[in-house]
Structures are given as C-alpha cells and as structure tokens.
Amino acid sequence: MAKIEFRNVVKRFGAVEVIPEMNLVIEDGEFVALLGPSGCGKSTSLFMLAGIYLPSGGELLFDGHVVNEVETRDRNVGIVFQSYALYPHMSVRDNILFPLRFKKTPRDEALARVKAAADLVRVLELLDRRPSELSGGQQQRVALARALVKEPQLLLLDEPLSNLDASLRLSMRTELKSLQAQLGVTTVLVTHDQIEATTMADRIICMRAGEIEQVGTPDDLYLRPSSLFVAGFIGSPPINLLSGEAEGGTVTVNGARFPVEGASGSLTIGLRPEHLRFGHTGFSGRIAQIEPMGREILYVVETGMGAVRVLEQGSSPAHSTGEQVNIGFLSEDSLVFDTAREKLIAGAHVRAPT
Amino acid sequence: MAAPVISTASVAASESAVHWDALAARARAVRRSKAVVLYAFLIAVSLPIVLPYFWLVTIAFSAKTGVAETAVLWRSMAVLVPTVIAFWLTAAVAQSRRHTWIGIAAVSAIGALAFAWLVGPDLHLGNFIFLWEPDFASVVRSRVGEIKGAVQFPNVWHAFGNSILIAGAQTAIVVTVASLAAYYLSRFQFPGRSSMLRSLLVLHAFPVLTLIVPMFLMLYWIGLLDTLFGVILVLVAFELPFAIFIMKGFFDAVPWDIEMSALTDGASRRQAFARVVLPQVRNGILAIAVFTFIRGWEEYIFVFTFLIRNSNWTMSLYMYWVRDDVMGVDYGVVSAVGVFYLVPSLILYMAAQRYLMQMSIGGVKG
C-alpha cells in the first residue's frame, strides 16, 4: 500500500501541454476518482502512475520516494484497462498467473494465489477457459484478478465499467467498492461517468483541460461545486444555470428578478432540478415536456429564461403538459457563481422572485 | 348483406396468394439460373489454369520412350471434360443439398471408373527414374539416341536439398528480420518513419531483373558468387520490404493495451514482445513464412545467374537442365521432374491455406 503524491507534475506530448502542472496527494488506502470529460488528462495521469508515460517535469512520489524514472515493471502497480486487455492466447489461469511469472514465485504458491484471486472475484470455475469464451463482466473480473494477484501497492482502474451493460455496471460498482475496502489497496479510478465516481470513490478529483478543478468528497462536489464546470459536470439531471446582471441587490435574468445577497456584477445562478418546487410563488413558466424516471418525474419547463428542469418525487405526474406553473426554491439551496471567473461566490444566495 | 363482403375478401386473398407464389417462383428461378451461369463462368475461367497441370501429371505418368502419348492424353481429356460438365449439370439440376452431394458422389465414381478403364493401363512410374537412378541421364539418352555436349547431372536429392536450404534459410531470415522491423515501425515514432514506410512500397515496385548485373558484380567482388549463401542474401533483400509491410499491418492490429498490461504485470519490453505480442501475430508470421518459402522454392532467375557449379543446382536449375539436355525430346522425364518439383509447394499451400486466407483480414494499413 502506498501514499501517492504528484508534485508540480507536467506532461507534454511534443509541443502540446496535456498537464500544465498537477499537485495532488492520495492517502494510503484511499479510493479516489479522476473525473472529467475525455481529453482532460485523467488517463495521462493514470499512465504516468503506471510508468507507461514519463512525466516531462516535476516529481511523482510513492511513499515519499521519487519514482519518475522507475520502470513500469518495478512499480508493483495493478491496472485494469477499459478493454480489459486480457491475453487472448492464454487461458484465464495463465492470464492471472502471468504477473507472478516475473516475480519468481514458486509454482505451488503461485497457483494457490491464482486460485485465491479468482475466488475473490468469483471466476474460479472459469480458470480453464479462453478470454474469448467469457462475457464482458467475466472478462472484467479476470482482469481484476490479474491486477490483484501480485498484491499491488496501487490499483489503477481505467474506465473499468464503461464496456458493461447497465445492470452489470451497477453490481460491479458495489463489488469494486467492497473489494477495495476489504483489501485496503490505494486505488485510482479514471472515469468520465460522474455516477461511477460519486458512488465508489472516497474523494473525487475533477479535472478539466489538464488542470484540477476541485478535489473533494462526492458531497463537497455536489453541494459546494467550486466552479461552473464542476456544477455542470456533477449531478444528473444537470443543474440549471441562469445568467444575468446584479444591480442594487437584484439579479435580473431576462426579466425575472431574483433578490441576491453577498454578490454583485455578472452572476450565474445555479439551481439543481431536485431543489426546485412548484408552488404559488416564484418564477413562472409552461410545462413543455414530462419525463417519468421511475421514482421521480422530470419536468422540462419553458420560462422566459429558457428551459428549466424540475425534478419532483413521485411516480405519477401531478401536472400535465402545457400547464402554467410557478417555480420556487429555498434560498440556501441556491448557488451563485461569478460569470466571468466561472467561480462559486461562497456564502452568496438568491431568493425566488415573488 | 354479409355474404358478398366475405366472398370479395376471400377472392382478394386468393388472388394475392397466387401473386406471391408466382413472385417467389420467379425469384427462385432467377437465383438458380444466376448460380448456374456463375459456375459455368468459373469453370470456363479455371479450365485454362487447371488443364496444363492435368496434362503435366498425365504425361509424367504415361509417356513412353520420350514421346508424349497423345492417345492417352485425349482419352484422359475425354474422361475429364464430361466429368466436369456432369458436375455442373448435377449442381444445376439438383433440388436440395443432399441431392447435390449424392449426384457429385455418383459422377465422381463414374469418372474414376472411366479413368481407370481408359487411362489406367497406360500409367507407369518409369519417367521418375531420376529419383532412384543417379546416372539416369545415360539411360534416358540411350533411349533417344546419342547427344553431344551432355550435361553432368548431380543427384536429384542434392538439388532438392539445395532448394530446401535456400528456401528455408531465406524464410528464417525474412521472418526474423521482418517481425522485428515491422514491430518497431508499428510501435515507435522516429525521424524518417513515414518516408521509410513509403520507400518500402517503392522498393517493391521496381522489376528486380533490372538489378541483375549490378548484383552479379557485387556478389563477384565480395566473393559470394556461385555460393548458396550469396543467393540467399539476394533473395532476402528482395523479399524483406513486402514482408515487413505485411507484418506491420498485423502488428498494428494488436492493441496497445495488451502490451501496457504486460509491462505493468512485470514484463520487460522484450518479454512483452515475445510472450504477448508475438503470439497475436502468429498468423501473419505463418503467412509470410509460406509465401517466402514458396518464393525461394520457385526462384529461377537469380539461381540461374548466380549459381554455376552443378553441386549448387537447385530444383529449378535441375529442371531447366533436364529440359535443355534432352533437347525437348523426352517429355516424360521433363514432366516427371516437374511433378516432383511441384509437390512440396502443393503440400505447403494446402497445409497453410487457412493462414494465407487471413492475410486479407490482417490487412495492410499504412
């Protein structure tokens, strides 16, 4: 197990600076997620941890030792790829055994460890099969067993669930999380799926264009997003963002007037769909579309400020399409951002128009 | 009121049913006639290719005292051609797959019987005398009369061995070098990579015959003229570009993830290459091995130019001299040598056909 540290790490590919400067500490035994859209540098960071890419500058530390120059094979890192990258010409047993061959583990012990790892991810009965004879979920488990069999000090997961179907993804999420807790191995998950990140990770590192936007627990990122980017990226259905000008304690958004505290200038108001309520007061609109989502119903409401999404509890719609509604919210649930700097203005809130 | 409505409906239904059946029957007829025409075309196209081989084999087993037995040839043709046409008719007439198979089996049996009856009695192994008689040349010459300036023939097995050696060594070198070079071209960026890839193709575009004089001088100066090793080097040089290009396509198809995975699993780059990447391109290696071997086996121009002593003869030179020595008189022996020369290629192709077909799948990408 290891504590991982990025100190001013830079990565360039030719003239392109993929990661301008990265500073990050991952505690021993922690499960963190690198979250961001594709091309944000999260996979590059992962490959630097694995030693496949060398940092162009700065220092990468495992347990306080600089590992910039240490070869991949000496890092004792387990990795699960999006494609699983099983060796197609080997049986499942040989796949899981492969990492142990280079460690000069005695054969009996190695086979015992293969069995233990296969048992851990419940593929014990598949040991004699070829990867091509396995389903996606089984291949994923085998890849996980192969990564875990050498007892790595760091486990890297590169979009491990994105090739699975929806129900399998759900169960693998639960399994991965409990497995990580059971083994206590430091784990870095790379994903573009916010649900994967928020459900599994202890901490989320939200990245954008090679820079870390925010580091925090899933709750932090959801309730106190530090920037417009994080606010828009976390949460499903996505947050409503309304931009307008503040003057004399009121933000005017296309005619609607929101009283504001603690901020002025060009502002963007962030309102999560689940914080919005239909009522007698608030801003008005017309229901354009109704999307039942099982336990909740998503209303898309046409307002003077554009489409606003409202999420209501319940399984049968209490309103119908075309109905005129008023939408209100609690002041403490509102988020206020500086439009130009795209940053959260801490402590600022708006109230619903009356 | 209800009755007329029902009757019109049923009439309409029956009318449309007849209509559909006619359409289906017409589609069946079109499909069938298309297949029949297609097979006729394929037979017509392949006949000029198949026939010479058929004649070669027939002559090799039937010719006596140096002259091709035209009567035997015509009789064998009289069996072969009707048999092929009968196959075609069977396939055209048969109503089901089972009928087709039964028909084909029946036609094959009749054809084989007719062949045994009409051609069988004239078949013999006399023309293969070169296989067991080292001084077969004098025997053959005594059959056709005295010949001046006769060629000294080495043992045919010696020429056979030389051919195997040239083709085998060439294959071993090409496969090794092409795999390593193609892997590097596929995986690493280095200055001049793309121009190197382009030049690989250009190298293959020129007729190699244009280089025969400079190659001769080069081999002469470095002292490899009239040595098997010299010929092997030349053949390797000409075969490599294409082999590298084919292999690069196969390596490109191996995902990077697998290699990265091997590295994190503790393998060095060399171990990852040998244990994880190479097994993925096995079919490519087999394909270029077979092609290179057959190229070396059939090589004629370079061995003819660069090899002089008769102890260095390959099978192609042996065949050439057999033809030259008997001045085109003993067709039987020439054909028999041809058949003997052909058999290893045939066996190799049949054994490796499965892998050769995959070359188009492995694909050649730039």
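Residues numbered from 1 in each chain as written. Chains lettered and ligands numbered in written order. Predicted model: local features only at pLDDT ≥ 70, side-chain atom pairs only at ≥ 80, totals over all residues.

**Student:** Explanation requested: the overall build of chain A in the structure shown.
**Tutor:** The helix and strand tally for chain A stands at eight helices and 22 strands. For chain A, the spread of C-alpha atoms along the principal axes amounts to about 75 × 45 × 35 Å. In chain A, which comprises 354 residues, the proportion classed as buried is 40%. (Helix = DSSP H or I, 4+ residues; strand = E, 2+ residues; numbered from the N terminus. Buried ≥ 20, exposed ≤ 12 C-beta atoms within 10 Å, placed from the backbone.)

**Student:** What exactly am I supposed to notice about the overall build of chain B here?
**Tutor:** Helices and strands together make up the secondary structure of chain B, namely 15 helices and zero strands. Classification of the 366 residues of chain B by burial places 28% in the buried group.

**Student:** Please explain the sheet that holds strand β1 (residues 4-13) of chain A as it appears in this structure.
**Tutor:** Sheet strands associate in pairs through backbone hydrogen bonding, adopting either a parallel or an antiparallel arrangement. Residue and element names in this part refer to chain A. Ordered in space as β2-β1-β4-β5, the four strands form an open sheet in which the pairing is antiparallel. The sheet is open, and its two edges are formed by β2 (16-26) and β5 (65-66), each paired on a single side. Bridge analysis of β1 against strand β4 (residues 57-62) gives five bridges, and the strand direction is antiparallel. Note that in β4 the partner of Glu 5 across the bridge is Leu 61. (Pairing = 2+ DSSP bridges.)

**Student:** Looking at this model, I keep getting lost on the UniProt feature "domain: ABC transporter" (unreviewed entry) in chain A. Mind explaining?
**Tutor:** Under the feature "domain: ABC transporter" (unreviewed entry), the UniProt entry names residues 4-234 of chain A. A distance of 25 Å separates the end C-alpha atoms of residues 4-234 of chain A, which is 36% helix and 26% strand. (UniProt positions renumbered as here; feature names shortened; annotations may be inferred.)

**Student:** Whenever I open this one, the packing of helix α2 (residues 92-101) of chain A against helix α4 (residues 136-148) of chain A confuses me. Can you help?
**Tutor:** The axes of two packed helices give the description: the angle between them and the distance between them. All names here are of chain A. Running from N to C, α2 and α4 point in directions that differ by 30°, and their axes come no closer than 7 Å. In terms of orientation, α2 and α4 fall into the roughly parallel class. The interaxial crossing formed by α2 with α4 has right-handed handedness. In contact with Val 92, Asn 95, Ile 96, Phe 98 and Pro 99 of α2, α4 contributes Val 142, Ala 145 and Arg 146. Its residues assigned to classes, the contact of α2 with α4 shows six nonpolar, one polar and one charged. (Axes fitted to C-alpha atoms, helices over the stretch in contact; angles between N-to-C directions. Parallel < 35°, antiparallel > 145°, perpendicular 65-115°, else oblique. Left-handed = near helix turned anticlockwise from the far one by under 90°. Contact = placed C-beta atoms within 7 Å. Nonpolar A, V, L, I, M, F, W, Y, C, P; charged D, E, K, R; others polar.)

**Student:** Honestly, the UniProt feature "transmembrane region" (unreviewed entry) in chain B in this entry has me stumped. Any pointers?
**Tutor:** The positions UniProt marks with the feature "transmembrane region" (unreviewed entry) are residues 36-61, 73-94, 101-120, 164-185, 197-222, 228-251 and 333-352 of chain B. For residues 36-61 of chain B, the end-to-end C-alpha separation is 34 Å, with 100% helix and 0% strand making up the annotated structure.

**Student:** I'm lost on helix α9 (residues 256-264) of chain B in this one. Help?
**Tutor:** One turn of an α-helix holds 3.6 residues; hence residues three or four places apart share an orientation. Of all the nine residues making up α9 of chain B, seven are buried; the element is thus mostly covered by neighbouring parts of the structure. Taken residue by residue, α9 of chain B has Ile 258, Glu 259, Met 260, Ser 261, Ala 262, Leu 263 and Thr 264 of chain B as its buried positions. On its buried face, α9 of chain B is in contact with α1 (42-50) and β6 (77-80) of chain A together with α10 (269-280) of chain B. With its phi angle positive at about 105°, Gly 266 of chain B sits one or two positions after the end of α9 of chain B.

**Student:** Just checking my understanding: could you explain the sheet that holds strand β7 (residues 154-158) of chain A for this structure?
**Tutor:** Residues and elements named next belong to chain A. If you walk across this open sheet you meet the six strands as β6-β7-β8-β3-β9-β10, and the pairing is mixed. One side of each edge strand has no neighbouring strand; the edge strands of this open sheet are β6 and β10 (211-216). Neighbour to neighbour, the strand axes of the sheet diverge by 20° on average, direction disregarded. Bridge count for strand β3 (residues 31-35) against strand β8 (residues 186-191) is five bridges, and the pairing is parallel. Among the inter-strand pairings, Val 32 is bridged to a residue of β8, identified as Val 188.

**Student:** How should the nonpolar core be read in this particular structure?
**Tutor:** Judged by nonpolar contacts, the single largest core of 160 residues is most densely connected at Ala 33, Ala 145 and Leu 156 of chain A together with Met 247 and Ile 288 of chain B. If you tally residues by element for this core, the top one is helix α8 (residues 228-252) of chain B, at 16 residues. Once residues lying within four places of it in the same chain are set aside, the contact partners of Ala 33 of chain A are Leu 189, Thr 191, Ala 197, Met 200, Ala 201, Ile 204 and Ile 205 of chain A. (Core = buried A, V, L, I, M, F, W, Y, C linked by C-beta atoms within 7 Å.)

**Student:** So what exactly am I meant to see when it comes to the domain arrangement of chain A here?
**Tutor:** How big an interface is tends to be reported as the loss of accessible area on association of its parts. Residue and element names in this part refer to chain A. The domain boundaries assigned to chain A delineate domain 1 (4-229) and domain 2 (239-350). Measuring from the centre of the C-alpha atoms in domain 1 to the corresponding centre in domain 2 gives 38 Å. Tallying the contact residues gives six residues for domain 1 and six residues for domain 2. Among the residues making up the side of domain 1 that touches domain 2, the classes are represented as three nonpolar, two polar and one charged. (Domains from an automatic or database assignment.)

**Student:** Before we go on, may I ask you to explain the pairing of β2 of chain A in this structure?
**Tutor:** Regular strands place side chains that alternate from one sheet face to the opposite one. Residues and elements named next belong to chain A. Pairing geometry for β1 and β2, over seven bridges, is antiparallel. From the neighbouring strand, Val 9 faces β2, where its bridge partner is Met 22. Two successive antiparallel strands, β1 and β2, enclose a turn made up of two residues, where Gly 14 displays a positive phi of approximately 65°.

**Student:** Would you take a moment to explain the interface of chain A and chain B for this structure?
**Tutor:** Taken together, the 16 residues of chain A in the interface contact 14 residues of chain B. Broken down by secondary-structure element, the contributors of at least two residues to the side of chain A that touches chain B are β6 and α2 of chain A. Of the residues in the side of chain A that touches chain B, the class split is eleven nonpolar, three polar and two charged.

**Student:** How should I be thinking about α1 of chain A in this particular structure?
**Tutor:** The element α1 of chain A is extensively covered by neighbouring structure, given that eight of its nine residues are classed as buried. Within α1 of chain A, burial applies to Lys 42, Thr 44, Ser 45, Leu 46, Phe 47, Met 48, Leu 49 and Ala 50 of chain A.

**Student:** How should the domain arrangement of chain B be read in this particular structure?
**Tutor:** Split by domain assignment, chain B resolves into domain 1 (15-123) and domain 2 (156-362). Domain 1 of chain B and domain 2 of chain B are separated by 37 Å when their C-alpha centres are compared.

**Student:** So what exactly am I meant to see when it comes to the pairing of strand β16 (residues 283-292) of chain A here?
**Tutor:** Residues and elements named next belong to chain A. As paired elements, β16 and strand β19 (residues 324-328) share four bridges and run antiparallel to each other. Looking at the pairing, Phe 283 lines up with Ile 327 of β19. Here β16 runs beside strand β17 (residues 296-303); their pairing, made up of seven bridges, is antiparallel. Bridge assignment links Arg 286 to a residue of β17, and that residue is Glu 302. Connecting β16 to the antiparallel partner β17 that follows it, the hairpin turn spans three residues, and Gly 294 within it adopts a positive phi of roughly 95°.

**Student:** Teacher, can you tell me more about unusual backbone geometry here?
**Tutor:** Trans peptide bonds make up the majority, and among non-glycine residues the majority have a negative phi. In this structure, Pro 237 of chain A follows Ser 236 of chain A across a cis peptide bond, with omega equal to -5°. Counting through the fold element by element, Pro 237 of chain A comes out in the loop between α8 (228-233) and β11 (240-247). Residues other than glycine seldom take positive phi values, yet Asp 226 of chain B does so here, at roughly 60°. Structurally, Asp 226 of chain B can be placed in the loop between α7 (212-221) and α8. You can call Asp 226 of chain B partly exposed: it has 15 C-beta atoms within 10 Å.

**Student:** How should I be thinking about the confidence of the model for chain B in this particular structure?
**Tutor:** A low pLDDT score tells you not to read the predicted coordinates there in detail. Residue and element names in this part refer to chain B. Summing up the model confidence of chain B, the mean pLDDT is 81 and the portion of residues at 70 or higher is 86%. Of all secondary-structure elements in chain B, the lowest mean pLDDT belongs to helix α15 (residues 359-362), at 53, while helix α5 (residues 156-187) reaches the highest, 92. Segment residues 1-6: pLDDT under 50, and zero contacts once partners within four positions in sequence are set aside and those in other chains are kept. Note on residues 361-366: pLDDT under 50 across the span, and 13 contacts to partners over four residues away in sequence or across chains. Overall fold confidence for the complex sits at a pTM of 0.77, while the interface term, ipTM, reaches 0.82. (pLDDT = per-residue confidence, 0-100.)

**Student:** Mind showing me how you'd approach the environment of Gly 168 of chain B here?
**Tutor:** All names here are of chain B. Note that Gly 168 resides in helix α5. Judged by the 16 C-beta atoms lying within 10 Å of it, Gly 168 is partly exposed. For the pair Gly 168 and Ile 294, spaced 126 residues apart in sequence, the C-alpha to C-alpha distance is 9.5 Å.

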